[in-house]
Amino acid sequence: MTAKIIDGKALSATLRVRFRQRVADLSGRGVQPGLAVVLVGDSAASQVYVRNKINACRDCGLASYPQFLPMDTSEKELLDVIERLNQDENVHGILVQLPLPKHIDMRRVLEAIAVDKDVDGFHLYNVGSLVVGNSIFPPCTPYGVQLLLDTTGLDVSGQNVVIVGASNIVGKPMALMLLQREATVTVCHVKTRDLAQHTILADILIVAAGVPNLIGAQLVKRGAIVIDVGINRLPDGRIVGDVDFEAVKERASWITPVPGGVGPMTVTMLIENTLRSAERRIGIGPGIGADGWDAAIQPVNTN
Ligand code: NAD
C-alpha cells in the first residue's frame, strides 16, 4: 500500500480563494479585516513566522499591523501595546508571537488580549470554550489538522486517535477537538512508556513531538491516517517532520508531507479566525455551528 498524500498546500490555496471572496464581501460593507502581529525581540525563527503571517494577510486581502518591539521591552510596555490594539477598531485579530523573552509573563500577556480578538485561541476563555465544545477561535494548528482530516472523507467519530505530543498549542487542543467529534483519543508524551503499544492501535495518528523520525513504520497500523505536525531542521539544513515519511507512506492509507502538510494550514487558519472575528463584529458569517468550531468552513475535498 502506498498512502495518498494529504496536500496542505492545495487545501490552503482552496481556502484562500474563499477567503478573498469573504474579504470582498466585508469590504462591500465598509470593513477591511485586519490582523495585528506583535513580535518582541529579534529571533530569526520568529521573524520568519511573523513574515509568513504578514504575507498571508496580503495574499488574502487583509490589512496587517506589525508591531516590532525591541528585546528589552518591559511587560508593562507590551501590555500597553496590547491594550491599544484591543481598542483599535481596525484590528480584528491580535497575535503575539511566542516565545516571549523570559522577563515577560506569557500568561499575563495572553490574558490581556481581548477575547473577541484572540485569533490564536490561547486566552483562557477560549481554552475553556474548547473544553466545553463551542470555541470561537480554535487554535490554528489543530484546527488546520482537523480540516486536513476532513479531506480524507473519514468520519472521525468512534475512531481510535492517538496524539503524540501534549503541548498546550497542539496536542491538548487537538485532543479536545477530536473528543468533541466523538473520537476515542489517547494522548502520549515524553513520559509515555512503550509508545508503540499505543500508536499501533491508531486509526488516526497525529504526531507533534518535535523529534525527527520518532515514528517509523513499525509503530503504524496498516491503513492508518498519519498526520505529521513536526517541523525539524536537520544539521544539513533539510526540514523534516517527526514521521519517517518514506517508510510510513508504504503502510498508511493517507499521510501528510513535511513541508507542505500541516505547516501551510496553520497560517491559513489564522486568517480564517481573523475573518471570522471581523464577520462576528458586524453580525454576519456562518456563526457557531452545533459542534462549535467548524461552522465557518465546511470540509473541502481536494482529491
Ligand atoms: P512542545 O515541545 O511544546 O511539546 C512537545 C510534546 O511532545 C510534549 O508533550 C512532549 O512530552 C512530547 N514528546 C517529546 N519527545 C517525545 C518522545 N520521544 N515521545 C513521545 N512524546 C514526546 O512542542 P510543540 O510546540 O507542541 O511542537 C511540536 C512539534 O510540532 C515541533 O516540531 C514544532 O516545530 C511543530 N509545530 C508545527 C506547527 C505547524 O504549523 N506545522 C505548529 C506548531 C508546532
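The residue numbering used here restarts from 1 in each chain and proceeds along that chain's sequence as written. Selection of residues for local features in this predicted model requires a pLDDT of at least 70, selection of side-chain atom pairs for listing and counting requires 80 or more, and totals for whole chains, interfaces and linings are taken over all residues. Side-chain figures throughout are based on the complete set of non-hydrogen atoms in the structure, without hydrogens or water.

1. Quick word on the environment of D150
Link 1 in the chain: Along the chain, the position of D150 falls in helix α6 (residues 140-150).
Link 2 in the chain: The spacing of D150 and N273 is 123 residues in sequence and 18 Å in space, taken between C-alpha atoms. Helix and strand assignments come from DSSP, with helices taken as H or I runs of at least 4 residues and strands as E runs of at least 2, each series counted from the N terminus.

2. Some details on helix α7 (residues 171-180)
Link 1 in the chain: Burial in α7 covers these residues: G171, P173, M174, A175, M177 and L178.
Link 2 in the chain: Every residue pair with non-hydrogen atoms within 4.5 Å of one another is taken to be in contact. Buried positions along α7 lie against α5 (124-132), α6, β5 (160-164), β6 (184-188) and β7 (204-207).
Link 3 in the chain: Immediately downstream of α7, the backbone of E182 shows phi near 65°, a positive value. We call a residue buried when its accessible area falls under 20% of the maximum for its residue type, exposed when it is over 50%, and partly exposed in between, using a 1.4 Å probe and counting protein chains only.

3. Considering the pattern of salt bridges
Link 1 in the chain: By convention in these notes, a salt bridge is any Lys or Arg side-chain nitrogen within 4 Å of a carboxyl oxygen on Asp or Glu. Under the defined criterion, the tally for this structure stands at 14 salt bridges.
Link 2 in the chain: Residue K76 pairs with D80 through a salt bridge whose shortest N-O separation is 2.9 Å. With K76 and D80 both in helix α3 (residues 75-87), this residue pair falls four residues apart, about one helical turn.
Link 3 in the chain: The exposed category is assigned to K76, whose relative accessible area is 54%.
Link 4 in the chain: When the shortest N-O distance is used, the salt bridge between R276 and E272 registers 3.0 Å. One end of the pair, R276, and the other, E272, are both in helix α10 (residues 262-281), four residues apart, so they sit about a helical turn from each other.
Link 5 in the chain: One salt-bridge network, held together by shared partners, links R22, E272, R276 and E279.

4. Focus: the domain arrangement of the protein
Link 1 in the chain: The assigned domain composition of the protein is domain 1 (23-127) and domain 2 (138-262).
Link 2 in the chain: On a C-alpha basis, the centroid separation for the pair domain 1 and domain 2 is 28 Å. An automatic or database domain assignment supplies the residue ranges for each domain.

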